[in-house]
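A structural walkthrough
Given next are the chains, with one letter for each unit.
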Amino acid sequence: MSQMRIVVAGAAGRMGRMLIQTIHQTEGASLSGAIERVGSPALGQDAGLLAGVGANGVLITDKPLEAIVHADAVIDFTTPATTVELAALAAQARITHVIGTTGLAASDLEKIDAAARHAVVVRSGNMSLGVNLLAGLVKRVAATLGEDFDIEVLEMHHRMKVDAPSGTALLLGEAAAQGRKINLDDRSQRVRDGHTGARTPGDIGFATLRGGTVVGDHTVIFAGPSERLELSHKAEDRGIFARGAVRAALWGKGRKPGHYAMADVLGLND
C-alpha cells in the first residue's frame with residue numbers, strides 16, 4: 001500500500017507534535033509537510049526532531065501552499081482563520097482536510113462547506129472514538145426521553161483553552177438536539193447570571209469549567225422527575241485525538257468530495 005502523505009498544520013504546538021508522533025507510528029502514513037505561523041521560532045527546524053521521533057528531513061515552513069501541493073491530506077488543529085485558509089488550499093489541491101479546530105463561526109463553516117465541494121473534509125469537535133460513541137448514545141437517549149428530562153452539558157478543560165463551550169460540548173449538544181429534533185441554536189442556554197427565572201422546558205444548557213491541566217471532561221446530564229441519567233467521557237491523553245485524526249486522514253483517501261464527520265469515519269452513520 002502506498003504511503004499517504006500528510007501535512008500537519010500547527011506542527012510546533014502540543015497537538016502538532018502529537019500528530020507527528022502518531023503519523024510516525026502509523027502504517028500507511030508518512031509526514032510530508034509541517035506548517036507553522038509566520039514568525040514562529042520553530043521555522044526551519046526538523047519536524048521529526050521537534051516531535052521527538054528523530055530527524056525526518058521535513059522542515060517546518062510558513063508557506064502552506066508549497067507543503068499542500070505535494071500532499072494527500074492536511075490535518076489541522078489550529079485557529080478559525082488558518083483553517084479557512086487551509087480549506088481553500090485543500091480544495092484547490094483536491095486533497096483531504098481533517099479539521100479539529102474549534103471556535104468556528106457560521107461564516108467559517110460556510111467557507112468550509114464551499115471547499116468541501118472539491119475536497120474531502122472531515123470535521124469534528126472531537127476526534128476520539130469514545131466521544132463519538134458518546135454522541136451517538138446522547139442522541140438516542142434524547143430521542144427516548146421527553147421534555148420532562150432537562151438536558152445539561154458540563155465540560156472542563158485546562159486553563160489555557162481559549163474558546164467556550166468546547167467543540168466537544170457543542171458536538172454533544174448538537175447530538176441531543178438532533179435526538180429531540182430541535183435546532184440547537186434556537187434552544188441552547190449558555191449563560192446564567194443573576195435572577196434568571198425558572199429553566200425553560202426543552203432548552204439544552206451548557207456549563208463551562210476551566211483550570212489546571214485537564215485534557216477534557218464532558219458529561220451530559222438528563223435530569224428528570226426524581227431521577228437523573230449522566231453520560232460521561234474523560235480524556236486522559238491528547239493521543240486519542242491524534243489517533244482519530246490520522247485515522248480520518250487515511251479514511252479520506254479515494255473518497256468523493258464532501259463534508260464528513262467522525263461518525264462517518266467510524267461507521268456510526270451506517
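Okay, so let's go over this structure. A quick note: this is a predicted structure, and the numbers were derived from the prediction, not measured.

So, about the layout of surface pockets. Put simply, the largest pocket is a space of about 1,200 Å³. Listing elements by their share of the lining of the largest pocket, those giving two or more residues are helix 1 (14–25), helix 4 (80–93), helix 7 (167–180), strand 10 (216–224) and strand 11 (227–235). Considered class by class, the residues forming the lining of the largest pocket number 15 nonpolar, 21 polar and 9 charged. Roughly 1,000 Å³ of internal volume is contained in the second largest pocket. Lining of the second largest pocket is provided by 33 residues; of these, R123, L170, L171, E174 and Q178 occupy positions nearest its centre. For the lining of the second largest pocket, the elements supplying multiple residues, two or more each, are helix 5 (106–115), helix 6 (129–144), helix 7, helix 8 (184–187), strand 12 (258–260) and helix 10 (262–265). A total of 6 residues in the lining of the second largest pocket trace back to one element, the largest contributor, which is helix 7.

This next bit is on the sheet that holds strand 4 (residues 73–76). With parallel pairing, the 7 strands of this open sheet are ordered in space as 3-2-1-4-5-6-12. The sheet terminates laterally at strand 3 (60–61) and strand 12, the two strands that pair on one side only. Relative to the sheet, helix 1 contacts strand 1 (4–9), strand 2 (29–35) and strand 4, its axis offset from that of strand 1 by approximately 165°. Lying on the sheet, helix 4 is in contact with strand 1, strand 2, strand 4 and strand 5 (96–99); it crosses strand 5 at an angle near 160°.

Scanning the entire structure with this criterion turns up 1 aromatic pair. Ring geometry for W251 and Y260: centres 5.0 Å apart, planes at 80°, overall edge-to-face. Note that R190 overlies the ring of F206, its terminal NZ or CZ placed 5.7 Å from the centroid.

Here we come to the nonpolar core. In this structure, I6, L19 and I75 are the most contacted members of the largest nonpolar core, which totals 34 residues. Within the residue set of this core, elements represented by two or more residues are strand 1, helix 1, strand 2, helix 2 (47–51), strand 4, strand 6 (120–123), helix 9 (239–252) and helix 10. The biggest single contributor to this core is helix 9, with 7 residues.

Across the 7 residues that make up strand 2, a large majority, 5, are buried. In terms of strand pairing, strand 1 meets strand 2 through 6 bridges, oriented parallel. In the sheet register, A9 faces strand 2, and the bridge partner there is I35. Note on the crossover from strand 1 through helix 1 to strand 2: the handedness is right-handed.

Criteria and cut-off values
- Residues numbered from 1 in each chain as written.
- Predicted model: local features only at pLDDT ≥ 70, side-chain atom pairs only at ≥ 80, totals over all residues.
- Heavy atoms only, no water.
- 1 Å grid on protein atoms, 1.4 Å probe; cavity = no way out; pocket = protein on both sides within 12 Å on 5 of 7 lines; lining within 4 Å.
- Points joined across faces, edges and corners; volume = space filled by probe spheres on them.
- Helix = DSSP H or I, 4+ residues; strand = E, 2+ residues; numbered from the N terminus.
- Nonpolar A, V, L, I, M, F, W, Y, C, P; charged D, E, K, R; others polar.
- Pairing = 2+ DSSP bridges.
- Contact = heavy atoms within 4.5 Å.
- Axes fitted to C-alpha atoms, helices over the stretch in contact; angles between N-to-C directions.
- Phe/Tyr/Trp six-rings, centres within 6.5 Å; stacked < 30°, edge-to-face > 60°.
- Lys NZ or Arg CZ within 6 Å of the ring centre and 35° of its normal.
- Core = buried A, V, L, I, M, F, W, Y, C linked by side-chain atoms within 4.5 Å.
- Buried < 20%, exposed > 50% of the residue type's maximum accessible area, 1.4 Å probe, protein only.
- Right-handed = clockwise from strand over helix to strand, strands pointing away.

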